[in-house]
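# Coordinate inspection notes
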Amino acid sequence: MTIQEKPYPVVSLVVDTFGEWLKHRRELKEMREMDAANFDRIASELRMSSADLEALVRQGPHAADELPKMLQALGIDQEDLARSEPLVLRDMERVCSLCNHKRQCDRDLAAGTAAAHYEEYCGNADTIDGLGQR
């Protein structure tokens, strides 16, 4: 067995997941302790409302994990988009993070049917279609 192999992958997964959960709880605590003026300033710098920023923080660091997969399924190069339209990509990440259709999206991505169905539920569908890269 090499050093990189984990002898107990399930235990490692549980420990890693719990560690992520604790980190997220600390982030939420820090957010609650921040005064409103600083929080509003940060939200403004990110070009979003305080309510949206709070909702994003509550969703956690993996809330937009579907977006890169969706872009890839649609043949859109995320790196090119980040270079050419960084604010558009940031807004798409925000929309994805706050999405209520994660299960449908995850199912379609796993089945390879996302390109055929995303317009039915994806909050970024209009933006994606506007990119003209399909």
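Quick note: structure is the one above.
### Quick look at the overall build of the protein chain
Within the protein chain, the regular secondary structure consists of nine helices and zero strands. Along its sequence from the N terminus, the protein chain presents helices and strands in the succession α-α-α-α-α-α-α-α-α. Relative to its full complement of 134 residues, the protein chain shows a buried share of 25%. In the protein chain, of all internal contacts separated by at least 6 residues, the share reaching a separation of at least 24 is 61%. Accessible surface, the protein chain as shown: approximately 9300 Å² in total, 53% of it carbon and sulfur.

### What to know about the environment of Lys69
Inspection of the secondary structure puts Lys69 in helix H4 (residues 66-73). Separated by 37 residues in sequence, Lys69 and Asp106 have C-alpha atoms that sit 9.3 Å apart.

### Describing the pattern of salt bridges
Proximity of charged atoms lets side chains of opposite charge pair with each other. For the coordinates displayed, the defined rule picks out five salt bridges. Linking Lys102 and Glu66 is a salt bridge whose minimum nitrogen-to-oxygen distance equals 3.0 Å. You can see Lys102 sitting in helix H7 (residues 102-111) and its partner Glu66 sitting in helix H4, a full 36 residues away along the chain. A single burial state applies to Lys102 and to Glu66, both of which are buried. Where Arg83 meets Asp80, a salt bridge forms, and the shortest distance between an N and an O atom there is 2.3 Å. With a gap of three residues between them, Arg83 and Asp80 both fall in helix H5 (residues 78-84), about one helical turn apart. Look at Asp80 and you get partly exposed, because its relative accessible area is 38%. The structure contains a network of salt bridges with shared partners spanning Asp52, Asp91 and Arg94.

### Here we look at the packing of helix H2 (residues 36-45) against helix H3 (residues 50-59)
Direction vectors running N to C along H2 and H3 enclose 90 degrees, while the axes themselves pass 8 Å from each other. By the angle between their directions, the pair H2 and H3 is classed as roughly perpendicular. Together, Phe39, Asp40, Ile42 and Ala43 of H2 and Ser50, Leu53 and Glu54 of H3 make up the contact between the two elements. Grouping the amino acids of the contact of H2 with H3 by side-chain chemistry returns four nonpolar, one polar and two charged.

### Some thoughts on the nonpolar core
Ranked by size, the top nonpolar core spans 18 residues in total, and within it Met70, Leu71, Tyr118 and Ile128 carry the most contacts. At the level of secondary structure, the elements contributing two or more residues to this core comprise H4, helix H6 (86-97), H7 and helix H9 (125-131). Residues within four places of Met70 in sequence aside, it is in contact with Cys105, Leu109, Ala114, Tyr118, Tyr121 and Ile128. Within the second largest apolar cluster, five residues are counted, among which are Phe39, Ala43, Leu53 and Leu56.

### Topic: the packing of H4 against H6
At a minimum axis separation of 9 Å, H4 and H6 run at an interaxial angle of 115 degrees. Contact residues: Glu66, Leu67 and Leu71 in H4; Leu89, Met92, Glu93 and Cys96 in H6. Along the lines of polarity and charge, the residues of the contact of H4 with H6 split into five nonpolar, no polar and two charged.

### Considering H7
Taken as a whole, H7 has its buried residues at Lys102, Cys105, Asp108 and Leu109. Projected onto a plane normal to the axis of H7, the buried residues spread over an arc of 135 degrees and lie on a single side. More than 90 degrees from the buried face of H7, the exposed residues found are Arg103, Ala110 and Ala111. Once H7 finishes, Gly112 follows within two positions and takes phi at roughly 75 degrees, a positive value.

Thresholds applied
- Residues numbered from 1 in each chain as written.
- Predicted model: local features only at pLDDT ≥ 70, side-chain atom pairs only at ≥ 80, totals over all residues.
- Heavy atoms only, no water.
- Helix = DSSP H or I, 4+ residues; strand = E, 2+ residues; numbered from the N terminus.
- Buried < 20%, exposed > 50% of the residue type's maximum accessible area, 1.4 Å probe, protein only.
- Contact = heavy atoms within 4.5 Å.
- Areas by Shrake-Rupley, 256 points an atom, 1.4 Å probe, with all protein chains shown as cover.
- Salt bridge = Lys/Arg side-chain N within 4 Å of Asp/Glu carboxyl O.
- Axes fitted to C-alpha atoms, helices over the stretch in contact; angles between N-to-C directions.
- Parallel < 35°, antiparallel > 145°, perpendicular 65-115°, else oblique.
- Nonpolar A, V, L, I, M, F, W, Y, C, P; charged D, E, K, R; others polar.
- Core = buried A, V, L, I, M, F, W, Y, C linked by side-chain atoms within 4.5 Å.
- Arc of directions from axis to C-beta.

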